[in-house]
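Breakdown of the fold
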Amino acid sequence: MATPSEYFASADISKVPVPDWNHLDVTSPTENPTIRLEWDQIYQDDITGNVTKEEPHTAAEIEALRLSFAAKVDVKEFPPAVKYRGKEYAKPWQLVYGYGRSEALRLLNTKGWFFTVLEGTEDALEDVQAQENELLPKRINEEVDMRKFLIKKVNDGAIKKTETAIRAKFKKVYPYRRKEVENRVVPQVLSELGVQSPYILYTSAPKVQDWIDNHSKEDYVIGGNFDSDRDIYGIVMKEGYQYRAVMNAYQTYKETGKFTGVIFHCGAPTKNATFDKKRKQVMKGFEDIRISLENAGVKVWPIKVLGALPQDRESENLKLLVTDFFEGEI
């Protein structure tokens, strides 16, 4: 097994893996996508050059990378990447990503390393810089990194200062992140930029309780607790979790003989999935489950939908649950 120095001296450059960043509008030269460079040829600035990371690598992370490389060179792993900045510079190449790996390799006294050559606009290269931590993780992006990156895109004029543009960039750069992460990060970015979102996303039960305490005309009980006024146990549910709500409601009915009152909310709307469509889909989900159980001989339906939380700032009364999407009672 070759040491890093031996690998750098003798590896076949044509066999070094090459990542594909075409989906972010960044390419590599067809004939020579990988280049072998010594460290004194590369401009590396982790202080101002690594623009998508809020916090630099810790000493412990660098040491872990150093030990990893010292143990073996993973020939299947994509290398760091560089861009060509011009022959007029003493260091004509600039590191795009792989700051931690490059630091660890220099600690091992290697003369240089192999790098993927990237070509694209500054905006596109920064997209790659951000996504590389997602797909080829040496240090996964923290949400603070995502916020920093998105705010920079707006401040640089690369994207518009709108929720639609910010969400589109998030989905492009972080396509494998859960919707919950997007729904935490984007509102925080909008808040830091002084932009109010046209709709409300309820990210937790405490936020729903805040709505009940601060805005609702009526008092509601949630958290699986008993609502003596309505003679039900109250819960909050996010769209898509109807089956779980029903199963838990049957357990509650078995233990107490009481029904479960459901207040639900939805994720961010899209062009083809408005809040109204999403809410009707939630009700359809409940109805489908109810009919299936009824056909199987189940006589009790323990669910009572109280309504949906108001989410559209412009068209909905923020003091009342939304119920106008009901097509009959469930």
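Structure's up top.
Since the model is a prediction, treat every value here as computed from it, not as a measurement. (Residues numbered from 1 in each chain as written. Predicted model: local features only at pLDDT ≥ 70, side-chain atom pairs only at ≥ 80, totals over all residues. Heavy atoms only, no water.)

Another point: the sheet that holds strand β9 (residues 303–308). Overall, mixed pairing links the 4 strands, which are arranged β6-β7-β8-β9 in an open sheet. Strands at the two margins of the open sheet, each flanked by one partner only, are β6 (225–227) and β9. Neighbour-to-neighbour, the strand axes of the sheet open up by a mean angle of 40°, direction not taken into account. Pairing geometry for β6 and strand β7 (residues 232–238), over 3 bridges, is antiparallel. Of the residues in β7, the one forming a bridge with Asn225 is Gly234. Docked against the sheet, helix α9 (residues 242–256) engages β7, β8 (259–265) and β9, running at close to 165° with respect to β7. (Pairing = 2+ DSSP bridges. Helix = DSSP H or I, 4+ residues; strand = E, 2+ residues; numbered from the N terminus. Axes fitted to C-alpha atoms, helices over the stretch in contact; angles between N-to-C directions. Contact = heavy atoms within 4.5 Å.)

Okay, the packing of aromatic side chains next. Counted according to the given criterion, the structure contains 15 aromatic pairs. Consider the rings of Tyr7 and Phe114, whose centres lie 5.5 Å apart with planes at 80°: the pair is edge-to-face. Residue Tyr7 is located in helix α1 (residues 4–10), and its partner Phe114 is located in strand β5 (residues 112–117); the two are separated by 107 residues in the primary sequence. By relative accessible area, Tyr7 is classed as buried at 12%. (Phe/Tyr/Trp six-rings, centres within 6.5 Å; stacked < 30°, edge-to-face > 60°. Buried < 20%, exposed > 50% of the residue type's maximum accessible area, 1.4 Å probe, protein only.)

Right, let's get into the side chain of Asp127. Looking at where Asp127 falls in the secondary structure, it is placed in helix α4 (residues 122–135). Non-local contacts of Asp127, meaning those with residues more than four positions away in its chain, are made with Leu24, Phe149, Lys153, Lys169, Lys172 and Val173.

Here we take up the environment of Gly257. Topologically, Gly257 is positioned in the loop between α9 and β8. Along the sequence, Gly257 and Glu77 sit 180 residues apart, while their C-alpha atoms lie 58 Å from each other.

Hydrogen bonds between backbone atoms are what pair the strands of a sheet, whose relative direction is either parallel or antiparallel. Across the sheet, 5 strands lie side by side as β1-β5-β3-β4-β2; this open sheet has mixed pairing. Two strands lie at the open edges of the sheet, namely β1 (34–38) and β2 (42–43), each paired on one side alone. One ladder, built from 5 bridges, connects β1 with β5; its direction is antiparallel. Its bridge partner lying in β5, Arg36 is registered against Phe114.

Turning next to the nonpolar core. Note on soluble globular proteins: their nonpolar side chains tend to be buried together. By size, the foremost hydrophobic cluster in this structure holds 22 residues, and its most contacted members are Met237, Val246, Phe264, Phe286, Trp301 and Ile303. Looking at this core element by element, the count peaks at 5 residues for helix α10 (residues 275–295). (Core = buried A, V, L, I, M, F, W, Y, C linked by side-chain atoms within 4.5 Å.)

Together, Asp210, Asp213, Asp219 and Asp229 make up a region of like negative charge exposed at the surface. Mapped onto the fold, Asp219 is located in the loop between α8 (205–214) and β6. (Patch = residues over 30% accessible without salt bridge, like charges linked within 9 Å, V, L, I, M, F, W, Y side chains within 5 Å. Areas by Shrake-Rupley, 256 points an atom, 1.4 Å probe, with all protein chains shown as cover. Salt bridge = Lys/Arg side-chain N within 4 Å of Asp/Glu carboxyl O. Lys, Arg positive; Asp, Glu negative; His and termini not counted. Charge placed at Lys NZ, Arg CZ, Asp CG, Glu CD.)

Here we come to helix α3 (residues 99–107). Of the residues making up α3, those classed as buried are Tyr99, Gly100, Arg101, Ser102, Ala104 and Leu105. Following α3 by one or two positions, Asn109 adopts a phi angle in the positive range, close to 65°.

We now examine the layout of surface pockets. Taken as a whole, the largest pocket spans an internal volume of roughly 520 Å³. In terms of lining, the largest pocket is formed by 27 residues, of which the most central are Ala205, Val236, Met237, Lys238 and His265. Broken down by secondary-structure element, the contributors of at least two residues to the lining of the largest pocket are α7 (179–192), α8, β7, α9 and β8. A breakdown of the residues in the lining of the largest pocket according to their chemical character gives 13 nonpolar, 10 polar and 4 charged. In this structure, the second largest pocket encloses a volume near 320 Å³. Lining of the second largest pocket is provided by 21 residues; of these, Tyr199, Ile200, Leu201, Lys207 and Arg313 occupy positions nearest its centre. Broken down by secondary-structure element, the contributors of at least two residues to the lining of the second largest pocket are α6 (163–173), α7 and α8. (1 Å grid on protein atoms, 1.4 Å probe; cavity = no way out; pocket = protein on both sides within 12 Å on 5 of 7 lines; lining within 4 Å. Points joined across faces, edges and corners; volume = space filled by probe spheres on them. Nonpolar A, V, L, I, M, F, W, Y, C, P; charged D, E, K, R; others polar.)

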